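So you can see what is in the structure, the chains are spelled out below.
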Amino acid sequence: MRKVSPVEVIEAHLARIEKLNPKINAFVQLDHKGALAQARHAEAAAMQGQNLGPLHGVPISIKSSIDVAGMRCEAGTKLRAGHVATADAPLVTRLRNAGAIVLGVTNTPELLMAWETDNLLYGRTNNPWDLSRTAGGSSGGEAAAIASGCSAGGVGSDGGGSIRIPAHFCGICGLKPTPGRIPATGHYPQSVGPFALLGVVGPMARTIADLKLLFEVMQGPDIGDPSAAPVPMRWPSSVELQKIHIGYFEDDGRIPVTPETRLAVRQAAEALRNAGFEVQPFRPENLEKIRQLWWKFFGIAGGMLLGPMTRGHEAELSPILKEFNGWVTAEEPHTAQTLLDCWIERDLLRMQIFEAMEKFPVLLCPVASIPAFRHGERSWQVENQTVQYLDAWSYCEWFNLLGMPGAVVPVTRSPEGFPIGVQVVARPWEEESVLAILQVIEQARGLWKEPLAC
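What comes next concerns the included structure. (Residues numbered from 1 in each chain as written. Predicted model: local features only at pLDDT ≥ 70, side-chain atom pairs only at ≥ 80, totals over all residues. Heavy atoms only, no water.)

### Considerations on the packing of helix α10 (residues 287-310) against helix α11 (residues 319-329)
And then number 1: Where α10 meets α11, the closest approach of the two axes is 10 Å, and the angle between their N-to-C directions is 115°. In this structure, α10 crosses over α11, and the sense of that crossing is left-handed. Contacts between α10 and α11 involve Trp295, Phe298, Gly299, Ile300, Gly303 and Thr310 on the former and, on the latter, Leu321, Phe324, Asn325, Trp327 and Val328.
And then number 2: Here the contact of α10 with α11 is built from residues that sort into seven nonpolar, four polar and no charged. (Axes fitted to C-alpha atoms, helices over the stretch in contact; angles between N-to-C directions. Helix = DSSP H or I, 4+ residues; strand = E, 2+ residues; numbered from the N terminus. Left-handed = near helix turned anticlockwise from the far one by under 90°. Contact = heavy atoms within 4.5 Å. Nonpolar A, V, L, I, M, F, W, Y, C, P; charged D, E, K, R; others polar.)

### Observations regarding the nonpolar core
Nonpolar side chains in soluble globular proteins tend to be buried together.
And then number 1: In this structure, Ile10, Met113, Ile165, Ile290, Trp380, Trp393 and Phe399 are the most contacted members of the largest nonpolar core, which totals 79 residues.
And then number 2: Per-element accounting of this core gives the leading share, nine residues, to α10.
And then number 3: Met113 has contacts with Phe195, Phe298, Leu306, Ile320, Leu321 and Phe324, leaving out every residue within four places of it along the chain.
And then number 4: Of all hydrophobic cores here, the second largest spans 55 residues; its members include Ala184, Ile246, Ala268 and Leu272. (Core = buried A, V, L, I, M, F, W, Y, C linked by side-chain atoms within 4.5 Å. Buried < 20%, exposed > 50% of the residue type's maximum accessible area, 1.4 Å probe, protein only.)

### Overview of the packing of helix α3 (residues 90-97) against helix α7 (residues 208-218)
And then number 1: Where α3 meets α7, the axes come as close as 8 Å, and the angle between the chain directions of the two elements is 115°. If you check the angle between α3 and α7, you find them roughly perpendicular. As for how α3 packs across α7, the hand of that crossing is right-handed. Only Leu214, Val217 and Met218 of α7 make contact with α3, whose side of the interface consists of Leu91, Arg94 and Leu95.
And then number 2: Here the residues of the contact of α3 with α7 sort into five nonpolar, no polar and one charged. (Parallel < 35°, antiparallel > 145°, perpendicular 65-115°, else oblique.)

### Focus: the packing of aromatic side chains
And then number 1: On inspection of all chains with the given rule, the structure shows 23 aromatic pairs.
And then number 2: Seen from their ring centres, Trp115 and Phe298 are 6.5 Å apart, and the 45° between their planes marks the pair as tilted. Placement of Trp115 in the loop between β3 (101-106) and β4 (126-127) and of Phe298 in helix α10 is noted, with a sequence separation of 183 residues between them.
And then number 3: Arranged with centres 5.8 Å apart and planes meeting at 85°, the rings of Phe169 and Phe373 form a pair that is edge-to-face. (Phe/Tyr/Trp six-rings, centres within 6.5 Å; stacked < 30°, edge-to-face > 60°.)

### With respect to the pairing of strand β2 (residues 59-63)
And then number 1: Within β2, five of the five residues are buried, which leaves the element mostly enclosed by the surrounding structure.
And then number 2: Both faces of β2 are covered, namely the face carrying Pro59, Ser61 and Lys63 and the face carrying Ile60 and Ile62.
And then number 3: The pairing of β2 with β3 spans five bridges and is classified as parallel. If you follow Ile60 over to β3, its bridge partner there is Val102.
And then number 4: Read as a crossover between parallel neighbours, the route from β2 over α3 to β3 is right-handed.
And then number 5: Here β2 pairs with strand β6 (residues 153-158) via three bridges, running parallel. (Pairing = 2+ DSSP bridges. Right-handed = clockwise from strand over helix to strand, strands pointing away.)

### Considering the side chain of Thr178
And then number 1: For Thr178, the location among the structural elements is in the loop between β7 (173-176) and α6 (194-198).
And then number 2: Residues contacting Thr178, with those up to four places away along its chain left out, are Val200, Gly403, Pro405, Pro428, Trp429 and Glu431.

### Side note on the pairing of strand β8 (residues 200-205)
And then number 1: Buried residues dominate β8, accounting for six of its six residues.
And then number 2: Pairing geometry for β6 and β8, over six bridges, is antiparallel. Following the sheet pairing, Val155 is matched in β8 by Pro203.
And then number 3: Sheet topology places β7 next to β8; two bridges connect them, and they run antiparallel. What sits directly across from Cys173, in β8, is Ala205.

Scope: geometric values only; no functional claims are made or implied.
Now the structure itself:
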């Protein structure tokens with residue numbers, strides 16, 4: 001039964017963007033005319049009885065570090081100001097072929113190197129739950145757009161929590177897939193070298209059902225992604241799913257989490273137990289070693305890759321990127337030997353973790369130490385300890401280094417009313433299990449309200 005037309009849907013979303021984007025600053029460019037033209041085409045196709053794709057007429061947004069033909073792909077930096085993509089990234093083509101309509105592209109921190117979204121081109125993105133707080137980063141514009149109802153879903157990228165942290169802060173769902181499961185072709189910075197080990201692109205949406213649909217459309221190998229592999233789609237049956245043993249931990253033994261974050265993990269674990277899963281306490285070893293190694297790839301090697309671009313342009317860089325560069329330059333750059341040693345150590349740690357996960361193929365844990373923070377904050381008091389900015393996100397970074405799929409669903413809220421999510425992680429190429437288990441948690445949680453500030 002046809003209840004609403006694609007044109008009505010797009011017009012409603014464009015009107016919501018016009019109302020809310022001045023507050024949240026999620027979109028950096030809209031394709032108003034193009035979206036309406038696509039909606040009219042979609043409406044005509046539906047009226048004519050044509051075969052319709054699974055995303056027919058669905059309005060989506062794309063992070064402005066991913067190529068969308070005719071739209072800006074500046075990655076939040078003045079050094080790429082005015083750069084317009086000449087072709088769609090493969091994942092954008094797949095979304096369009098499924099019927100999705102791209103509304104526009106969303107804000108990021110400069111060169112994606114932060115867990116908050118602010119830059120000198122477009123300014124700061126605000127959290128729809130509280131405008132004085134960040135939407136996270138680096139996919140903060142995406143998370144804010146989706147959480148506020150300005151977009152039905154979209155695409156972010158994640159090299160150290162950049163999908164999962166914004167999803168957690170804004171009360172939506174987000175998937176960091178295994179590198180190569182969804183092609184990172186057309187992303188900037190390019191997915192090569194250390195970025196190919198850590199960085200991915202993935203879907204973001206308000207529900208796990210929507211996340212699953214976006215994942216199905218976007219997944220599949222592409223020759224432009226060095227991590228690509230021809231992994232078939234396979235959703236586990238309910239019987240297969242119930243056989244999966246789940247290990248959970250409330251903290252990593254080093255960085256404390258808020259009491260509400262502990263509660264969220266416990267609630268998720270109990271929901272899974274009530275659904276018939278075997279859920280036991282289990283925390284992998286060497287998590288701090290993994291975090292330190294992640295920084296040697298993301299921070300030191302990543303800084304070396306971006307250095308030639310930013311060197312000599314310091315006056316044009318945002319304060320957030322200057323801060324990141326300061327952390328990088330405080331450490332010795334890699335030599336061939338140190339980079340080789342890191343690569344070997346990563347492989348050895350992966351083997352150890354995967355061996356431990358023979359008993360618990362799926363892990364349940366926090367997304368971050370804290371919920372959304374106030375703009376500019378750099379430390380927090382949690383359980384009588386000081387948590388520093390770079391430490392609060394370690395709960396995501398481990399899984400980038402290990403190349404494991406992980407996704408987030410909101411579970412509860414802080415005393416101030418801010419969303420708190422949990423993270424479910426599995427072994428490489430097992431995204432389907434992650435999403436199926438998260439759907440059980442989501443169903444037990446019940447309905448989720450829209451952001452307070454909207």
